[in-house]
Amino acid sequence: MPEAPVSPEETRLKRLRMRSWRRGIKEMDLILGPFSDSELAGLDPAMLDLYEALLNENDHDLYQWVTARIGTGSAQPKGPQTYAGLMDRIAAFAATRL
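Residues numbered from 1 in each chain as written. Predicted model: local features only at pLDDT ≥ 70, side-chain atom pairs only at ≥ 80, totals over all residues. Heavy atoms only, no water.

Right, let's get into the nonpolar core. Core analysis: the biggest nonpolar cluster contains 24 residues, and L32, L40, Y51, L54 and I90 have the highest contact counts within it. Mapped by element, the contributors of at least two residues to this core are α1 (8–21), α2 (26–39), α3 (45–54), α4 (59–67) and α5 (84–97). Element by element, the count of residues in this core is highest for α5, at six residues. (Core = buried A, V, L, I, M, F, W, Y, C linked by side-chain atoms within 4.5 Å. Buried < 20%, exposed > 50% of the residue type's maximum accessible area, 1.4 Å probe, protein only. Helix = DSSP H or I, 4+ residues; strand = E, 2+ residues; numbered from the N terminus.)

The following block contains the structure:
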């Protein structure tokens, strides 16, 4: 029995999950991998575009931007404002796993 064709959306999600789990540093694998497994399917197309752009950022920068948001009441989190809402969401997800 032939397999059903995979939709472009599912292909994109698989690609983003792989990129989330195969980062340059293990810390980002452990932050973005579980987030992608749990949350990507629920993101709207615009947020997926933003997530994909975020994956193009340097891992050391990303790590600083996300971890600065975990457990701090910082009025001015690190990182580009463009990603602020997404990084807040990733940091909140990561904080529940600590």
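After that view, the rundown keeps rolling.
With that settled, the discussion passes to the packing of aromatic side chains. Going through the model one piece at a time under the given rule, you end up with three aromatic pairs. On the basis of an interplanar angle of 80° and a centroid distance of 5.7 Å, the ring pair of F35 and F93 is categorised as edge-to-face. Of this pair, F35 sits in helix α2 while F93 sits in helix α5; the two residues are 58 residues apart in sequence, bridging distant segments of the chain. Each member of the pair, F35 together with F93, is buried. (Phe/Tyr/Trp six-rings, centres within 6.5 Å; stacked < 30°, edge-to-face > 60°.)

Our next topic: α4. Of all the residues in α4, the buried ones are D59, L62, W65 and V66. Viewed end-on, α4 has its buried residues packed into an arc of 125°, placing them on one side of the element. Buried-residue contacts for α4 involve α2, α3 and α5. The distance from a side-chain oxygen at the start of α4 to the backbone nitrogen of H60 is 2.7 Å, and the residue carrying that oxygen is N58. (Arc of directions from axis to C-beta. Contact = heavy atoms within 4.5 Å. Polar contact = N/O pair within 3.5 Å; in protein donor to acceptor, adjacent residues only side chain to side chain.)

Let's shift gears to α1. In a regular helix each residue adds 1.5 Å, so 14 residues correspond to 20 Å; α1 covers 20 Å between its end C-alpha atoms and thus fits that length. Every buried residue belonging to α1 is among R12, L13, L16, R17 and S20, and all of these are buried. Burial along α1 is one-sided: seen end-on, the buried residues are contained in an arc of 135°. Those residues of α1 that are exposed and aimed more than 90 degrees away from the buried face are P8 and M18. Structurally, α1 contributes buried residues whose contacts are with α2 and α3. (Expected span 1.5 Å × (residues − 1).)

Let us now look at the packing of α2 against α4. The relative placement of two packed helices is expressed as an angle between their axes plus a distance between the axes. Here α2 crosses α4 at 55°, and the two axes come no closer than 10 Å. Comparing the axis directions of α2 and α4 gives the class oblique. Here α2 and α4 pass one another in a crossing that is left-handed. Packed against α2, whose contacting residues are E27, M28, I31 and L32, the element α4 presents D59, L62, Y63, V66 and T67 at the interface. Partitioning the contact of α2 with α4 into residue classes produces six nonpolar, one polar and two charged. (Axes fitted to C-alpha atoms, helices over the stretch in contact; angles between N-to-C directions. Parallel < 35°, antiparallel > 145°, perpendicular 65-115°, else oblique. Left-handed = near helix turned anticlockwise from the far one by under 90°. Nonpolar A, V, L, I, M, F, W, Y, C, P; charged D, E, K, R; others polar.)

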